[in-house]
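# Working through the structure, step by step
Letter by letter, the chains look like this.
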Amino acid sequence: MQHLLNFGKRLRRSPSYERRLLGRWWRRQSPTLQDRYATLAPLASVLLFLAAIISAFWYLRNEEFQRAGDAVRRDTEVAQQHIRLRLIDNEEQLGRIAQELVVHRPDRNEFLRDAADLIRERPEISRVYWLDSARTVVATQSAHGYRIDNDPAVIVKQLGQALPREGTDSAAEYAFRNARKARDTVYSEAFANNANTQVVQVHVPLMVRNVFLGMLVAEYPVDSLIRMLVPDDVSRRHAVSLLDPSGRLLASTVMLMPGQDLHAATLSHDVPALPSGNALMLRGQGYRTAGGLVGNTLFWLVVALSVLTVGTLLITWRHMRRRSQMQAALVLEANFRRAMENSMLTGMRAMDLEGRITYVNPAFCEMTGFSEHELLGRKPPFPYWPPDRLEEAHRLLQQELDGRSPAGGLEIKAMHKSGQLFDARMYVSPLVDPKGQQTGWMTSMTNITDTKRVRDQLAASHERFTTVLEGLDAAVSVLSVQQGELLFANRSYRLWFGGDALGHALLAGDDVDENPDADSDDSIENMGGLATQALTEINADPREVLIEPLKKWFDVRVRYLQWTDGRLVQMLIATDVTARRHAESQAASQSEKAQVTSRLVTMGEMASSVAHELNQPLTAIANYCNGMVSRVKNGTIERDDLIAALDKTSRQAQRAGQIIHRIRAFVKRSEPQRQEASAQTIVDDAVELASIELRRRRVSIHTYVAQRLPPLMVDPILIEQVVLNLLRNAAEAIDLAKLPLARRNIELRVVPRHTAEEGDVIEFRVSDMGPGIKPDVLSRLYEAFFSTKPEGLGIGLSLCRSIIESHRGRMRAENLYNGSLVAGCSFVFTLPVESGRIEAQPSPNTAVIS
């Protein structure tokens, strides 16, 4: 056999001439060697095939047995997990009942109620006992609502073996002693109760400070554990049974026929069924379904087919061997040559020294549209030459034949058979025979029409893109990060900053060195050592920059890119926003004036109330002064009385001064200033101002401010203005509706909130019991100059919402309903706080002003 293998290797590696010689040598070999090879090779193949089939059958049989065993183990462990989890959960429920019995005053009726609920929710439990320390039954509850009488004789008669009795070796007594000794839950062994049903008990001791008070016992029928706790899909696939430690069958998911032995199963797996101890064993069983190897029909069929194959090979091998070898060599050679020719995308053309075409490959034929027989043997002019370029084509061909073609190739125009012109590039090299003599020229031709078109389109696209960038009003510049070289700048950039990189550095916010001879790397962000991919994925946030030399504001956007040569560059787009900045400044000034005007209007509307409020302390001052003057003239006033009267007069003057100071601070024009402010302080100041109007309209206010609120970063005067406006609107709505005194109430609540949209906020809510807001008014509530008041200006609520939104808050209004009737109105606005700072524990802080 080794001789034959060496011969095959020599045959594959030898050239065609040597291959023919070896073939003749092989044909001259003795017929004995040929017959031996022709007989042994197919026989060895069939024997190997038969051995592989036998091995496959044996492997599949063992694999089937292994899968069956794994399935039994998996299902058994699944059933064990279901039973244990259920029993552990039942232990927790029994523990809760036991805790109630030892912590609270023991109550028999409450125990019966809890036990009935437990049995109803967990039908696998048939009975629950409550035993005292002397094993006497205090109370019991069964699955059918059956309760045991307190008579000891009746208890022993009805429960029998289920009760632990001192001095006996019953399973219940053994579990009772172990649970009392271990002070923990203990499961008993399976035993038959008075109804001849196999049951298992779990004993839960009742302990208080290491003092044993009794036992809580739950009873499980073994059949219920199998029937209710084993999953249905597991019981359908395999037989699952419960056994005692000695192996005695207690319950099973299958019903045994007479004479059937469950232990005859070929596959089984045992695991403990209970959470603690080995009182019950869970066994999963299955049967092997695969038959014996010899009795397998498919095996004998394969053996028969193998025998027939041996006979067929012996008959046909000698006739087919030589023919197959010759055909394989021919096909291999033809396929190899065809694969080489068809895999080339470059057209190949060979010419002799006279210019006659001697060879073309399929790619050349496809490129020109002419077939091989139309081109072979043709002399110039060739059919793929354009008619209008014959002179140029002859000149190039002569240059090619003279060996003067450039090394970089020639770019020519060629014509397809359909008449369509295309661009091609030709490379020429000489053909040399084994003797070193030139026999012709080999030309490779590549169609570059698409490449040239793409190159022209890219040039046109670049020109259009450059035109667009040059026409932009924004300055666009590209700067090399490593070298600090300005690679591109459009017309706007050159108009504002010239042609150097100084303007780019100013817009980017880099430090600019005034010395032009300094190293440019000091003014450029050096990121040469960072990953290019990570930088190009970063999108910088836009920012606004003031360029002092130009007196202009620019909106600057920066991004890192890879330039055409692979360098990391920084692209910058700067838009002139000077006009917008001026407009925003003017709008802010107008908004400030509107806020001051709104406060002055509010004080004007409250003028009568303020006058009434000031009249009381002024009248008191006048009365005190007149009284003191009269008594001084009569000489009837003592020194202490005079001091007391002057002190009262001073307090009334201070009260009037505080009212005037508060109003002056509210209407004083000042620049908006954000600062940390307390919600409690804002509410107190607003309520103090609003109380003047509320007392005049006989409206009471209730305030509720949560404690430990975080400080707000706001303008307190503006927020106070919003709260005051909402309180005045509520009081005016109540007064105009002429509501009874019981409904003349306003509630102001300030509490923390967390929403998905706004995050952590502080919510201000002003609610009244007025007539509410009409639906058509509610949709136009915040429109400027829209008002439902006869003398209203329509700027109050619009200005309030503008103030809240300028603080990044939200404001809304809604009607309050009592069923389908409107029972009032509520205005709510929120102000954001920093995330994580809300730690408020709301407790009422109520103030009532009538």
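Refer to the structure printed above.
As a starting point, this report considers the structure included with it. Everything numeric here is computed off the predicted structure, so don't read it as measured data.

Before going further, it helps to examine empty space enclosed by the protein. All told, the structure shown has two cavities of 30 Å³ or more when counted by the stated rule. Reported here for the largest cavity is a volume of approximately 220 Å³. Lining the largest cavity are 17 residues, and of these W385, A393, L396, I412 and M426 sit closest to its centre. Those elements giving two or more residues to the lining of the largest cavity turn out to be helix 12 (390-401), strand 13 (410-415) and strand 14 (421-432). Ranked by residues supplied to the lining of the largest cavity, first place goes to helix 12 with five residues.

Quick look at the pattern of salt bridges now. With the rule as written, the count across this model stands at 37 salt bridges. Of the charged contacts, one joins R237 and D75 as a salt bridge, the two residues approaching to 2.9 Å between their closest N and O atoms. Of this pair, R237 sits in helix 8 (residues 232-237) while D75 sits in helix 3 (residues 31-103), and the two are 162 residues apart along the sequence. D75 gets classed as buried once you look at its relative accessible area, which sits at 5%. Note that E814 and R765 form a salt bridge whose closest N and O atoms lie 3.1 Å from each other. One end of the pair, E814, is in strand 26 (residues 810-818); the other, R765, is in strand 25 (residues 759-768), with 49 residues separating them in the sequence.

Further remarks concern the sheet that holds strand 13. Each strand in a sheet pairs with its neighbour through backbone hydrogen bonds, running either in the same direction (parallel) or in the opposite one (antiparallel). Strand order in the open sheet formed by five strands is 12-11-15-14-13, with antiparallel pairing between adjacent strands. Unpaired on one side and paired on the other, strand 12 (357-360) and strand 13 mark the two borders of the sheet. Each strand axis lies, on average, 35 degrees off the axis of its neighbour in the sheet, ignoring direction. Sheet topology places strand 13 next to strand 14; six bridges connect them, and they run antiparallel.

Next up on the list: the packing of aromatic side chains. For the coordinates displayed, the defined rule picks out nine aromatic pairs. Between F176 and F212, the aromatic rings sit 5.9 Å apart at their centres with planes inclined by 85 degrees, giving edge-to-face as the arrangement. Within this pair, whereas F176 is found in helix 6 (residues 171-182), its partner F212 is found in strand 6 (residues 211-221), the two being separated by 36 residues in sequence. On the basis of relative accessibility, which here comes to 0%, the residue F176 falls in the buried class. One aromatic cluster is present, formed by F364, F382, Y384 and W385 through successive ring pairs. Just above the ring of F212 sits the side chain of R180; from NZ or CZ to the centre is 5.9 Å. Positioned over the ring face of Y704 is R749, at 4.2 Å from the centre of the ring.

A few words on the side chain of N193. Along the polypeptide, N193 turns up in the loop between strand 4 (191-192) and strand 5 (198-208). Among the polar contacts made by the side chain of N193, one reaches the main-chain amide nitrogen of T197 at a distance of 2.9 Å. Residues in contact with N193, not counting those within four places in the same chain, are V199 and E219.

Okay, the sheet that holds strand 9 (residues 267-272) next. As summarised here, the arrangement of the four strands in space is 8-7-10-9, forming an open sheet in which the pairing is antiparallel. Each edge of the sheet is formed by a strand with only one pairing partner; in this case those strands are strand 8 (249-252) and strand 9. Adjacent strand axes in the sheet meet at a mean angle of 25 degrees, parallel and antiparallel pairs treated alike. Direction of pairing for strand 9 relative to strand 10 (residues 281-286): antiparallel, over a ladder of six bridges. Its bridge partner lying in strand 10, V271 is registered against L282.

Basis of the calculations
- Residues numbered from 1 in each chain as written.
- Predicted model: local features only at pLDDT ≥ 70, side-chain atom pairs only at ≥ 80, totals over all residues.
- Heavy atoms only, no water.
- 1 Å grid on protein atoms, 1.4 Å probe; cavity = no way out; pocket = protein on both sides within 12 Å on 5 of 7 lines; lining within 4 Å.
- Points joined across faces, edges and corners; volume = space filled by probe spheres on them.
- Helix = DSSP H or I, 4+ residues; strand = E, 2+ residues; numbered from the N terminus.
- Salt bridge = Lys/Arg side-chain N within 4 Å of Asp/Glu carboxyl O.
- Buried < 20%, exposed > 50% of the residue type's maximum accessible area, 1.4 Å probe, protein only.
- Pairing = 2+ DSSP bridges.
- Axes fitted to C-alpha atoms, helices over the stretch in contact; angles between N-to-C directions.
- Phe/Tyr/Trp six-rings, centres within 6.5 Å; stacked < 30°, edge-to-face > 60°.
- Lys NZ or Arg CZ within 6 Å of the ring centre and 35° of its normal.
- Polar contact = N/O pair within 3.5 Å; in protein donor to acceptor, adjacent residues only side chain to side chain.
- Contact = heavy atoms within 4.5 Å.

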